[in-house]
Amino acid sequence: MPASRTTIETASQPECWQRAADLAPAEAGKLPRDGERVAVIGCGTSWFMAQSYAALRESGGHGETDAFAASEFPFGRAYDRVLAITRSGTTTEVLRASERLRTAGVPVTAITADPRTPVMEHADEVVVLDFADEESVVQTRFATTALALLRAHLGQDLTAAVADTRTALAQELPAEIVGAEQFTFLGTGWTYGLAQEAALKMREAAGAWTESYPAMEYRHGPISITGPGRVTWAFGPLPEGLAADVAGVGGRLEAGSAAPADGGTGTAALDPLADLVRVQRLAVAIAENKGYDPDRPRNLTRSVVLS
Ligand code: F1P
């Protein structure tokens, strides 16, 4: 069977992230400046990347940062800048929110993959990551490359993350995980957005039963789903006692981005964004095992354009 477009695009992430990191200084003038009060908007995958970036930016001391689904933007709040993330550049909710914000005098920066789309006219500044555009309906490399660019803009050195992605692409996916019935994804801080994206990817590409929560919320109900044949997948550091809690109810814990000494299940802690690449591969593997075409996910289109 020839490799799916999703597989090919997923495999190019190390090069895409490196390119984004190299591009960050040249694009810095368009991206949020330190101290600005910023809101980040998007839909679907782009919204979850917005959440991750918002948590990283604010916790890194770069300025207050909120993330919203574009359809839920709280007009009336004061922001110095709005950052819109949209691969397609055509998503109606993003374009509508951008238009309304600009009319109110709020500067809008967009990050997109396609410079031939309406977002070019709906934003004041646009960062184009056309090298990370995708034929796939489900997003993999555009989303992670946008976040890589934003991490680099926050001053992070992505050398280790790029190397970890190569590891994540080469690692065998354990048969017990590929064959699992249900997946609960967890994260804290910026990795909560990654958990949300992991769960969405598995639903979109593989029609899988997934859930996602802030890691400390796991004990407040979601643990009741976990059991034999089900996976709890944590991004980033594991809260104390969580590994024992998962084991206690018979679930399988996957924590490839936690340090082994802290309950991590890999030989070394992967960068959490690299661990998301393992989930992208898992989604493709499960889809193919079910006889689905990962390039043609059920009920989905590349972008949602409303009339
Ligand atoms: C956002 C998005 C995708 C989703 C689906 C519909 O698109 O919600 O994340 O997988 O295909 O569109 P975009 O605004 O980033 O192009």
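Residues numbered from 1 in each chain as written. Predicted model: local features only at pLDDT ≥ 70, side-chain atom pairs only at ≥ 80, totals over all residues. Heavy atoms only, no water.

Moving on, we get to the packing of helix 7 (residues 159–170) against helix 11 (residues 272–289). Viewed as axis vectors pointing N to C, helix 7 and helix 11 meet at an angle of 25 degrees, and their least axial separation amounts to 8 Å. For the element pair helix 7 / helix 11, the angle class is roughly parallel. Considering only the axes of helix 7 and helix 11, their crossing is right-handed. Along the contact surface, helix 7 presents A161, D164, T165, A168, L169 and A170, while helix 11 presents A274, V277, R278 and R281. Taken together, the residues that form the contact of helix 7 with helix 11 break down as six nonpolar, one polar and three charged. (Axes fitted to C-alpha atoms, helices over the stretch in contact; angles between N-to-C directions. Helix = DSSP H or I, 4+ residues; strand = E, 2+ residues; numbered from the N terminus. Parallel < 35°, antiparallel > 145°, perpendicular 65-115°, else oblique. Left-handed = near helix turned anticlockwise from the far one by under 90°. Contact = heavy atoms within 4.5 Å. Nonpolar A, V, L, I, M, F, W, Y, C, P; charged D, E, K, R; others polar.)

Turning our eyes to something else, we now look at helix 2 (residues 13–27). In a regular helix each residue adds 1.5 Å, so 15 residues correspond to 21 Å; helix 2 covers 20 Å between its end C-alpha atoms and thus fits that length. Along helix 2, the sharpest kink reaches roughly 25 degrees, centred on A21 and followed within four residues by the proline P25. Those residues of helix 2 not exposed but buried are Q13, P14, C16, W17, A20, A21, A24 and E27. If you follow the buried residues of helix 2, they end up packed against helix 1 (5–11), strand 5 (125–128), helix 6 (141–153), helix 7 and helix 11. (Expected span 1.5 Å × (residues − 1). Bend = angle between axes of the 7 residues up to and from the residue. Buried < 20%, exposed > 50% of the residue type's maximum accessible area, 1.4 Å probe, protein only.)

The environment of the ligand is formed by 15 residues, the closest being S46, S88, T91, E204 and T301. Between the ligand and C43 there is a distance of 3.4 Å, counted from an oxygen atom to a backbone nitrogen or oxygen. Compared with its free state, where it exposes 390 Å², the ligand has 95% of that area covered by protein. Split into classes, the residues belonging to the shell around the ligand amount to three nonpolar, nine polar and three charged. (Near = heavy atom within 4 Å. Polar contact = N/O pair within 3.5 Å; in protein donor to acceptor, adjacent residues only side chain to side chain. Areas by Shrake-Rupley, 256 points an atom, 1.4 Å probe, with all protein chains shown as cover.)

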